Amino acid sequence: MLKASEGGGGKGIRKCTTEAELRSAYDQVKMEVVGSPIFMMALCTGARHLEVQLVGDEHGDVVALNGRDCSTQRRFQKIFEEGPPIIAPEETFRKMEQAAMRLAKSVGYRGAGTVEYLFSASTGEYSFLELNPRLQVEHPVTEGITGVNVPALQLLVAMGIPLSRVPDVRRFYGLDPAGDSAIDFLETRYPRPTCHVLAARITAENPDDAFRPTSGAVERVRFQSAPNCWGYFSIGASGKVHEFADSQFGHIFAKGDTREQARKSLQLALKNLMIDGDIRTPVEYLVELAETPEFRANTIDTAWLDRLIADKSVSARHNALDSVFYAACFRSFRQVQQRAAGMLDGIKRGHLPLSDDMSFLRSFTVEVAFAQTKYAWKVSRTGQDQFSLAINDTTICAKIREQPDGSLYVQTGQRVVQVQGQEEPLGLRLRIDGSSTVTFPVVRDPSELRSEFNGKFVRYLHADGAEIEKGEPYAELEAMKMIMSLRTTESGVIHQTVAPGAIVSPGQLLANLDLKDLSQVELVRAFDGEFQLSGQGTGDVGNFNSNAGASTVADLGLDDIKSTLCNLVRGFELGSNVCATFSTTATKMVQLLFPSGDYELDFARYHGVCAEVAETFLGSEAFFAGLLGGDETQIIAKFPGTPQELLAALFAHDALKDSLPVIASILRGLLSEDDMGVHTGHEISARLHQALQGLAALPSSGGYGELALLASTVLHQSSAKPFCEQREEVRKILQTTSRHRLQELSPVDAVAGQGVDLVSSFLGDPDRTMRAKAVEVFIRRLHRPYSLSDFETVKDGASENLQLSWKLGFPGVGIASLSAHGIVVPNLQALAQLPTKFEVGHSCLQELNIFVADVPVPELKDKALHRKAFASLVETCTDVVNAVSKTLKQMFVHQ
């Protein structure tokens, strides 16, 4: 062991196992503690580091305030402290206390101090190590188990007050605090402590890199003390740990009736500690360290933690694929945020963003490297805070929202995770749910050796042009008063690039390597497997709220459809997961707003969705449509809103070619509703009517022409009277019009304008006269170009069928001389019997018309089933027509 007598806190001390290490370590110790004497001594292994807390007064008395166990160390610097030191038997530790008091008394020691021992748990032997003539940072451990305020006791001793007269000391010995009797501290025993205290040092060190010191700004420190745990910190919000400071900046203490209770309290306190900034801290590592079997069983020694660090056997728990996904989410969100900020800056300076720039706000690629594997994500934005991330055959949707503290909440399905990240020169540092910290390095050229932290460059360990092996130290940096060695990542010939004494930052190039063997260089491979988040299936959609288990597009809830369509007209994408999972497009989703044949539909809700989608479209496009005709270059000058609102409008307008089919499909759907509207009497809501007026007012140029025409048509149709009212008007007209004046009604729109839907509805009327009139008007309407006369009702006995005959003449050939016949059957059953139950009195029949009054036309939501049922109906009618034709041919063949 090499140790500078004026060192401490891990500085100026090195363990050496070879002569080469001894020579290098000697130079490092000299530089860390300049001018100090240096001791060289044999290494003691398997020992515990125990301390006795002393305070001496000017009257020759020295009190031992129990002690501490500081065996958890890295690089000979304490990380955990605890008391009382229960590893040593009570009698053995009493002897250690007495020896410490005698040592202090023999030199007339005055003030607080610590006598340190190395203790062998296997043999019970102990050896004197040193006396620290000062108050140490872990003194609250002693205060927690003794109740003695050590800093206050120092002041009282400095004032000349005897130790035996101090109330805290007397209380510790179980005596009257107000008494003044003398105490023989060497012979008098104090009551054994009834509690246990554990402490953890909070340092600016990277546990993933052998606890190397780090430096940088600290944005905030959040910690809440409690009765059984407390802490203090030397920096706060907007503070900084610089490269010339000691790495420790905080201390956490936890108290319990037993060591186990104190351990659990310490873990809870560490989990509740939040430190944001450029520095790395071992907080998460310490939580896991306190959970190891060796620490829980108290079987550690001073070299235990260094062994764990070397073996990397303790690390914060995290799922690798989960971490990669959240890193991709973080980078996706920040990329959009940064690009949008750049566009906003340009808008404020009068520059419009290019269309190519807009496309990068909509879809882009994000790469994450982890464990020598590169994950390339294809990212699509499906909403303002919605992202669709695809890798290989897996697509995961996430909602990402930024919080006031800069952290992100990432929601996938029902899981919400808090993510905090920071891009650094060496890569992305990510903290997940406030505990697990993961680093995603930047993929670099292996021939470049770069600095891993801030510091002063001390020296190269090899000459320029020398050949060095992989993992061999090649340079030294000074950081936080300690000399740190840097090791090569590959074998090769080194070329120096930095002068000694230079201040370097993380990621700065320190040397170049001519690689010895390129085939031995570890390559970064692309991820080609199946990606799955923990607790979720592969390809988890997670994009819809109201029906998360939807397996077909028809299963989606109305709110999901509305949200998706509104986001589409805002300029966002449908998302590859929706297209792949539901095999749908935007126009197919629109059709879900118009279920075929559902006369019990809640039109108000469905029309509300149509109105909101149209309003969202008009929210941006009405402005751009108003600029057509000469003001297209005045976008920024004429826009009435903020730059942020203009950017959103530009983003939506850039995707106009995708939005137009969505709005057009909605308008066509409203047009197709006309038949349904006629039967149900429903009306378009005032909100939808206003949105349609806005669409109808769009100009015919600029790509809006089709929408304006469709919207105008919907408005025109929506102004028609309900079907039931129109039907009653037609009934009254037919009732009051005599048979010989029916020809006057055929061109009247009020009667025949809705021929198929209005007049034909009377073909099954119970009143035979009404049926005959309706059939004649209907036939006259269908044969408007022809000349018709001599309409006559043919008696058909008791049959429910109604037969008519009339004269037919082609246009422009004179009077009507051809015979025509019409048969009205009440239903399909009567139609099926028609081939055997009809008579035609005319031998020169030119035309035969067959009408079925009541046809059960199938109206099914499933279009395939609808087509199949309708085809069956057509087939039935075709069979009847063929049979009738055959009968007619047989009837008139001889004539």
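**Details of the overall build of the protein chain**
- What the protein chain contains, in helices and strands, is 26 helices and 37 strands.
- Buried positions account for 48% of the 895 residues belonging to the protein chain.

**Structural notes on the environment of V419**
- Take V419: it is sitting in strand β22 (residues 415-424).
- Through-space distance from the C-alpha of V419 to that of I432 is 4.8 Å; in sequence the pair is 13 residues apart.
- With near-sequence residues (within four places) excluded, V419 lies in contact with Y326, F330, S407, L408, V410, L430 and R431.

**A few points about the sheet that holds strand β35 (residues 802-809)**
- With mixed pairing, 4 strands are arranged side by side in an open sheet as β34-β35-β36-β37. The open sheet has two free edges, formed respectively by β34 (787-794) and β37 (845-852), since each of these has just one partner strand. Looking at each pair of strands side by side, their axes are set apart by 20° on average, direction ignored.
- Strand direction decides the pairing type here: β34 and β35, joined by 6 bridges, are antiparallel. When the bridges of β35 are listed, E792 appears paired with S805.

**A look at the pattern of salt bridges**
- Scanning the model with the defined rule gives 48 salt bridges in all.
- R731 is the partner of D765 in a salt bridge, and the nearest nitrogen-oxygen pair spans 2.9 Å. One end of the pair, D765, is in the loop between α23 (749-752) and α24 (768-782); the other, R731, is in helix α22 (residues 723-736), with 34 residues separating them in the sequence.
- Residue R739 pairs with E776 through a salt bridge whose shortest N-O separation is 2.7 Å. Placement of the pair is R739 in the loop between α22 and α23 and E776 in helix α24, with a sequence separation of 37 residues.
- Under the relative-accessibility criterion, R739 is labelled partly exposed at 30%.
- Residues joined by salt bridges that share partners form a network here, namely E51, R68, K78, E81, E138 and R201.

**Things to note about the packing of aromatic side chains**
- For the structure shown, the criterion picks out 26 aromatic pairs.
- Ring geometry for W230 against F253: centres 5.6 Å apart, planes inclined by 15°, an arrangement best described as stacked. With W230 in strand β13 (residues 229-233) and F253 in strand β15 (residues 248-256), this pair connects stretches of sequence that are 23 residues apart.
- With relative accessibility at 27%, the residue W230 sits in the partly exposed group.
- Overall, the relative accessible area of 0% leaves F253 in the buried class.
- Ring geometry for F778 against F851: centres 5.8 Å apart, planes inclined by 75°, an arrangement best described as edge-to-face. Here F851 lies in strand β37 and F778 lies in helix α24, a separation of 73 residues in the sequence.

**Remarks on the nonpolar core**
- By size, the foremost hydrophobic cluster in this structure holds 92 residues, and its most contacted members are F325, W377, F531 and F617.
- Ranked by residue count, the leading element in this core is helix α10 (residues 320-348), at 13 residues.
- In contact with F617, other than residues within four places in its own chain, are V569, L656, S659, L660, I663, L695, L698, Y704 and L707.
- One finds C229, V287, L305 and V314 within the second-largest nonpolar core, a separate group that totals 36 residues.

Basis of the calculations
- Residues numbered from 1 in each chain as written.
- Predicted model: local features only at pLDDT ≥ 70, side-chain atom pairs only at ≥ 80, totals over all residues.
- Heavy atoms only, no water.
- Helix = DSSP H or I, 4+ residues; strand = E, 2+ residues; numbered from the N terminus.
- Buried < 20%, exposed > 50% of the residue type's maximum accessible area, 1.4 Å probe, protein only.
- Contact = heavy atoms within 4.5 Å.
- Pairing = 2+ DSSP bridges.
- Axes fitted to C-alpha atoms, helices over the stretch in contact; angles between N-to-C directions.
- Salt bridge = Lys/Arg side-chain N within 4 Å of Asp/Glu carboxyl O.
- Phe/Tyr/Trp six-rings, centres within 6.5 Å; stacked < 30°, edge-to-face > 60°.
- Core = buried A, V, L, I, M, F, W, Y, C linked by side-chain atoms within 4.5 Å.

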